[in-house]
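Chains, contacts and geometry: an overview
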Amino acid sequence: MGGTWGRFNIAAIVLGFAFLYLPILLLVVYSFNESRLVTVWAGFSTRWYASLLSNDGLMDAAWVTARVAFISATVATVLGTMAAVALTRYTRFRGRLLFSGLIFAPLVMPEVITGLSLLLLFVAVGLDRGFVTVTLAHITFSMCFVAVVVQSRLVSFDRSLEEAAMDLGATPLRAFFQVTLPIIMPAVISGWMLAFTLSLDDLVIASFTSGPGATTLPMKIYSQVRLGVTPEINAVSTILIGIVALGVIAASIVNKRRDVLRRREENLARERGEG
Amino acid sequence: MGRLFSALGSRLVIAVPYLWLFVFFLVPFFIVLKISLSQTAVAIPPYLPVFGLDEGFAGLVRNLRELSFENYLWLLGDPLYLNAYLSSLWIAAVSTILTLLIGYPIAHGMARAPLALRPVLLMLVILPFWTSFLIRVYAWIGILKPEGLLNQLLLFLGVIDQPLVIINTTTAIYIGIVYSYLPFMVLPLYATLEKMDYTLIEAAQDLGCTPIAAFWKITLPLSLPGVVAGSMLVFIPAVGEFVIPDLLGGSGTLMIGKTLWSEFFSNRDWPVSSAVAVILLLILVAPIVYFQRAQARARERA
């Protein structure tokens, strides 16, 4: 197989990844630039990181964003996992077509439409715009992403395990929590992380649904970017990229370790069974 | 008892997320529709009420009479909006094709990479998706500016003697969309290409087919589901894109997401921005339904 990996394929991959990573790399490099002019290199410096710490508006926004992201990701993971179970386990119920439509449509729906429609809902029911409304909005679109991630894992899940547990007397609820959930856990965790980063990242929907007291970090960054490129934004961006990269790497290490552990347990069980 | 719980549990598993999406995703569209038929008013919220149920049936009838399609007539009569819709569709279509042309070789290369390398490559495609969209768009401002890094490089290499004007043009929007949505194209393409049986290609080549002919006759047709899924995932959100045209396209470029945003935030005209949203949704309904059907089919096959 390795022999068929031609020169063209290798070139496509190298160029493709250069295209994907070079802009991010440049952004990170220039966050350590001494000069206020972002594109002129004037020596290494961490002064922009230091000046971030004294930027109260930015720090407040970061705190709001972290709380919104944490709460919305957690609720979205519960709802999204339920939706994924509903979609894979119950192939026939009334309104299933609408249900799957409601799951898939938000994935591609332009954010301006989702944002505007949620705002009008909140206004219609008289809910004041702020922390709560942003969180509700974020739960709504990110639960669909969680549902898709978890569903793709559930589809390949061997149901006989769960049935075996129930044959041995476990209630469906217990079977789910003790057999199914541990197995689909990697997907649930990556669903949570995806929901968290989506919320961390969202500008458009937050701009529509947030009120004066709850400016999120992307809203803050956006208003500064409109005024021009500054090394300070590069520094915030670098920190955000760093956090996300650490999270993703940590999660993949944890997943890998779980995999190894599981395989070892399976082997052990098999050996015992044979012996 | 257990069975009772199980039945109740299965109901709950369906009902809770269903109800949530119903209330927070479906109902809002009807509110948008309703307000798009209303009139702008100097009030909080800034529109005249329609279909309010608080005045009973008589009030409902009166409100229904006040319904107006004026916003729609206005939208259709103003060439600005029509141009914004058309140019959004055009920009999204061109960007989708560009993303496909760039994404396909990458996905193809990944699918034929040594087996041990594939998870790493897959991870590397997904990773940029995890980093903030806004930040990735922002990164391009520093690159594309007249005094930006790309122009510096090209001037240094002597390729050009005048800085290129890229930022605040449609070209910058294309670059932004291709860059931001590339993972959405590569992932479905990779999924179909990876499952493909490559012995088919070998057989074709043994029978005298050139590699290029084999690609056109076998690889491409077999990867069509991935092409469709990837194109939909890029095209649909790109039509309503706001951040990219706003930050990279400047004030001279026209896209409907930007129009809706400024109607809402600058002009504070909620009914007109609702009408803009309704028409945008009507344009996108066909591709969205198509996308959802294709997804459902793909899932059933799996």
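Residues numbered from 1 in each chain as written. Chains lettered and ligands numbered in written order. Predicted model: local features only at pLDDT ≥ 70, side-chain atom pairs only at ≥ 80, totals over all residues. Heavy atoms only, no water.

1. Some points on the overall build of chain B
Broken down by element type, chain B carries 14 helices and zero strands. Along chain B, helices and strands appear, N-terminal first, in the series α-α-α-α-α-α-α-α-α-α-α-α-α-α. Within chain B, contacts between residues at least 6 apart in sequence are counted, and of these 70% link residues at least 24 apart. (Helix = DSSP H or I, 4+ residues; strand = E, 2+ residues; numbered from the N terminus. Contact = heavy atoms within 4.5 Å.)

2. Describing the pattern of salt bridges
Within this structure, the stated rule accounts for five salt bridges over all chains. One salt bridge connects Arg-89 of chain A with Glu-162 of chain A, and the closest N-O pair in it is separated by 3.0 Å. On the criterion of sequence distance, the pair formed by Arg-89 of chain A in helix H3 (residues 56–89) and Glu-162 of chain A in helix H7 (residues 159–167) is long-range, its members being 73 residues apart. Comparing Arg-89 of chain A with Glu-162 of chain A, the two get one shared label, buried. In this structure, Arg-118 of chain B and Glu-194 of chain B form a salt bridge, with 3.2 Å as the shortest nitrogen-oxygen distance. (Salt bridge = Lys/Arg side-chain N within 4 Å of Asp/Glu carboxyl O. Buried < 20%, exposed > 50% of the residue type's maximum accessible area, 1.4 Å probe, protein only.)

3. As for the interface of chain B and chain A
Every contact between the two is made by 89 residues of chain B and, on the other side, 85 residues of chain A. Summed over both partners, the interface of chain B with chain A buries about 8000 Å², with 82% contributed by carbon and sulfur atoms. At the junction of chain B with chain A, the criterion picks out one salt bridge. Where Arg-226 of chain A meets Asp-246 of chain B, a salt bridge forms, and the shortest distance between an N and an O atom there is 3.7 Å. Summed over the shared surface of chain B and chain A, the number is nine residue pairs in polar contact (both at pLDDT 80 or more). If you tally residues by element for the side of chain B that touches chain A, the top one is helix H1 (residues 2–36) of chain B, at 21 residues. Looking at the side of chain B that touches chain A residue by residue, the class counts come to 67 nonpolar, 15 polar and seven charged. (Buried area = accessible area lost by both parts, 1.4 Å probe. Polar contact = N/O pair within 3.5 Å; in protein donor to acceptor, adjacent residues only side chain to side chain. Nonpolar A, V, L, I, M, F, W, Y, C, P; charged D, E, K, R; others polar.)

4. Examining the packing of aromatic side chains
Tallied over the entire structure, the rule returns 29 aromatic pairs over all chains. For the pair Phe-19 of chain A and Tyr-179 of chain B, a centre-to-centre distance of 5.4 Å together with 85° between the ring planes defines the contact as edge-to-face. Of this pair, Phe-19 of chain A sits in helix H1 (residues 7–30) while Tyr-179 of chain B is found in helix H8 (residues 170–195), placing the two residues in two different chains. Its relative accessible area of 23% is what places Phe-19 of chain A among the partly exposed residues. When the centroid spacing of 6.4 Å and the interplanar angle of 55° are considered together, the rings of Phe-122 of chain A and Phe-24 of chain B count as tilted. A residue pair is termed interchain when its members come from two chains, as with Phe-122 of chain A in helix H5 (residues 111–124) and Phe-24 of chain B in helix H1. For Phe-122 of chain A, a relative accessible area of 1% gives the class buried. Pairwise contacts between aromatic rings join Phe-208 and Tyr-222 of chain A together with Phe-242, Trp-261, Phe-264, Phe-265 and Trp-270 of chain B into one cluster. (Phe/Tyr/Trp six-rings, centres within 6.5 Å; stacked < 30°, edge-to-face > 60°.)

The analysis is restricted to geometry; functional conclusions fall outside its scope.
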